[in-house]
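Examination of the molecular architecture
The chain contents come next:
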Amino acid sequence: MAFKLSAGAKEFVPGKPWGAAMNSQPQQQKPQGYGDAPPVDVYNQYAGPPQSRSRNAAEGDHIQIVQDTIYQMSLSPGNYDEFMRDLVDMLNTSLTDPRQLEDVADIVFDQSVLEPNFTYTGARMCEYLHKHLMLKETFADFRKQINKRAKDICVNRNIMVKHPEDVHRLRGATRFLTELFLNSEVMVEGQIKRIDVYRIAQKQMMETLSSNPTTENFKCLGQIFKLAGKLIEDFDREKEKTKYASAVTQVFNNAKNVVIDASIDRDVRQMWLQLIERRACDWGRAKNSPLVAPPASVPATIQSGPPAVAAAAAADVPFTNEPVFFSPDGKIISAAEAGFSNVDDFEREYEAYGPGDAFDQYDDDADDYKQIEEAIAAATLGPGGDYGSMQPYDDWDPEVEAAFEQFQQESGYHGDYR
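Keep in mind the model is a prediction, meaning the values are calculated, not measured.

**What to know about the packing of aromatic side chains**
- The final tally for this structure, using the stated rule, is 9 aromatic pairs.
- Pairing Phe181 with Phe235 gives two aromatic rings, centres 5.0 Å apart and planes at 80 degrees, and the pair type is edge-to-face. With Phe181 in helix α8 (residues 164-183) and Phe235 in helix α10 (residues 215-240), the pair connects residues that are 54 residues apart, well separated along the chain.
- Among the residues examined, Phe235 registers a relative accessible area of 12% and is labelled buried.
- Ring geometry for Phe225 and Phe252: centres 5.1 Å apart, planes at 65 degrees, overall edge-to-face. Pair noted here: Phe225 is in helix α10 and Phe252 is in helix α11 (residues 246-258), with a separation of 27 residues, a long-range link. Exposure class is identical for Phe225 and Phe252. Each is buried.
- Feature note: the residues Phe218, Phe225, Phe252, Trp272 and Trp283 constitute an aromatic cluster, connected by ring pairs.
- Residue placement shows Arg124 over the ring face of Tyr80; its charged tip is 3.9 Å from the ring centre.
- Taking NZ or CZ as reference, Arg194 lies 5.6 Å from the ring centre of Phe181, over its face.

What follows is the structure, given as structure tokens:
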């Protein structure tokens with residue numbers, strides 16, 4: 001697309017307002033920054049030719065409602081809850097045919113897949129509609145409508161990744177499934193859990209993208225791991241009962257070849273170097289984060305902090321709130337090994353002074369300090385310790401004495417210093 005904008009133009013005339021040209025399909029351009037998909041004109045994309053809309057205006061009310069809501073949320077995302085309540089109220093009264101629900105699912109899914117800035121909001125929107133739409137029994141569940149569209153992309157992923165015009169949709173669907181995985185919940189045996197099928201589909205799509213190394217593919221994967229790498233791997237670890245998730249490991253093994261590939265964009269390679277380093281330290285968590293019992297050589301009485309509490313509880317030993325010391329490599333050591341005197345050393349030192357003697361020494365020092373303080377006050381302020389009895393120095397000039405007398409009178413002190 002050739003741009004004709006000029007910084008030296010005398011005036012700037014904005015384009016047509018939102019939705020003003022229902023008959024025209026604007027030419028789309030590739031956005032900058034996050035993602036690589038062309039933006040979707042949600043207002044005109046499903047509008048169709050004017051004659052088809054005028055044939056039955058009520059037939060497209062649900063489409064117009066969803067499009068308007070998406071646009072309003074793009075302008076004021078902070079009013080998401082208000083917009084969604086209004087949307088649900090209107091859809092509950094306007095949806096009369098299952099095909100209308102499919103239209104709504106198409107709009108939300110396509111906007112979430114093709115517009116990266118809407119991916120998170122689209123996932124929340126899907127979850128909200130699933131929970132609050134009051135559908136007839138003949139209607140399929142809204143979540144099932146979204147899942148059906150995601151399944152179509154997952155099944156055809158190996159074909160889509162080979163075609164430049166389709167691979168951006170595959171990347172967008174992978175991002176969207178990540179947000180669905182993070183924002184969707186289901187009740188299983190009385191417990192709220194994440195939906196397994198989203199992670200399974202996302203895993204397969206991520207493997208396909210990582211097996212076809214391009215800058216945009218690994219940029220997409222890198223953004224996903226920056227967003228949810230820890231949660232994804234923790235979820236897989238729990239399912240596989242292993243220390244490292246095999247699917248995540250496979251993607252990172254492919255990434256190790258990418259970071260030395262000069263054909264990949266430098267920023268993407270740098271991002272993956274940081275991700276590899278971050279995963280090596282368990283996604284930013286301490287290396288010794290798993291709670292283990294303390295070494296037998298370390299007395300349990302000097303442990304403190306959450307790790308020590310858990311270790312003491314596991315070992316069924318009494319816990320006391322005493323300081324804990326660590327070596328440079330993070331291991332728990334004793335106070336003596338850390339260069340600090342043991343608590344017993346202080347007790348023996350106290351007993352050597354005899355009862356009361358250890359602190360009487362400090363009391364004597366305090367008495368000496370008090371005597372010195374009183375001597376200084378007597379020398380400067382006089383025996384009474386106030387300005388009224390203060391004795392002037394012998395070498396004061398008459399002018400200074402007169403000024404000092406005036407100061408005493410103005411200050412309310414009338415003592416005679418002569």
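The rest of the description comes next.
**Some words on α11**
- Taking 1.5 Å of rise per residue, the 13 residues of α11 would be expected to cover 18 Å, and the 19 Å separating its terminal C-alpha atoms lies within 8% of that figure.
- Burial in α11 covers these residues: Ala247, Val248, Val251, Phe252, Asn254, Ala255 and Val258. Axial view of α11: buried residues confined to an arc of 160 degrees, hence all on one face.
- Summarising the contacts, the buried residues of α11 are in contact with α9 (196-210), α10 and α12 (266-280).

**Concerning the confidence of the model for the protein**
- Considering every residue of the protein, the mean pLDDT works out to 74; 61% of them sit at 70 or more.
- Under a pLDDT of 50 for its full length, residues 16-59 has, in the predicted model, 72 contacts with residues more than four places off or in other chains.
- Low pLDDT (under 50) marks residues 288-319, which in the prediction has 36 contacts with non-local residues, meaning those over four places away or in another chain.

**As for α10**
- With 26 residues, α10 should reach 38 Å at 1.5 Å per residue; the first-to-last C-alpha distance of 30 Å falls well below that figure.
- Remark: the principal bend of α10, roughly 80 degrees, maps to Ala228.

**Quick look at unusual backbone geometry**
- Residue Asp282 is not a glycine yet carries a positive backbone phi of 60 degrees.
- Mapped onto the fold, Asp282 is located in the loop between α12 and α13 (305-315).
- Taking the relative accessible area as the measure of exposure, Asp282 reaches 19% and is therefore buried.
- Its identity as a non-glycine residue notwithstanding, Trp283 has a phi of 60 degrees, on the positive side.
- Position of Trp283 among the secondary structure elements: in the loop between α12 and α13.

**Notes on the pattern of salt bridges**
- Inspection of every chain in the model, using the stated rule, returns 12 salt bridges.
- The partner of Arg279 in a salt bridge is Glu233, with the nearest N and O atoms 2.7 Å apart. Of this pair, Arg279 sits in helix α12 while Glu233 sits in helix α10; the two residues are 46 residues apart in sequence, bridging distant segments of the chain.
- Owing to a relative accessible area of 14%, Arg279 belongs among the buried residues under this scheme.
- A relative accessible area of 0% means that Glu233 is categorised as buried.
- Bridged by salt links that share partners, the residues Asp234, Arg237, Asp282 and Arg285 form one connected network.

Rules used throughout
Residues numbered from 1 in each chain as written. Predicted model: local features only at pLDDT ≥ 70, side-chain atom pairs only at ≥ 80, totals over all residues. Heavy atoms only, no water. Phe/Tyr/Trp six-rings, centres within 6.5 Å; stacked < 30°, edge-to-face > 60°. Helix = DSSP H or I, 4+ residues; strand = E, 2+ residues; numbered from the N terminus. Buried < 20%, exposed > 50% of the residue type's maximum accessible area, 1.4 Å probe, protein only. Lys NZ or Arg CZ within 6 Å of the ring centre and 35° of its normal. Expected span 1.5 Å × (residues − 1). Arc of directions from axis to C-beta. Contact = heavy atoms within 4.5 Å. pLDDT = per-residue confidence, 0-100. Bend = angle between axes of the 7 residues up to and from the residue. Salt bridge = Lys/Arg side-chain N within 4 Å of Asp/Glu carboxyl O.

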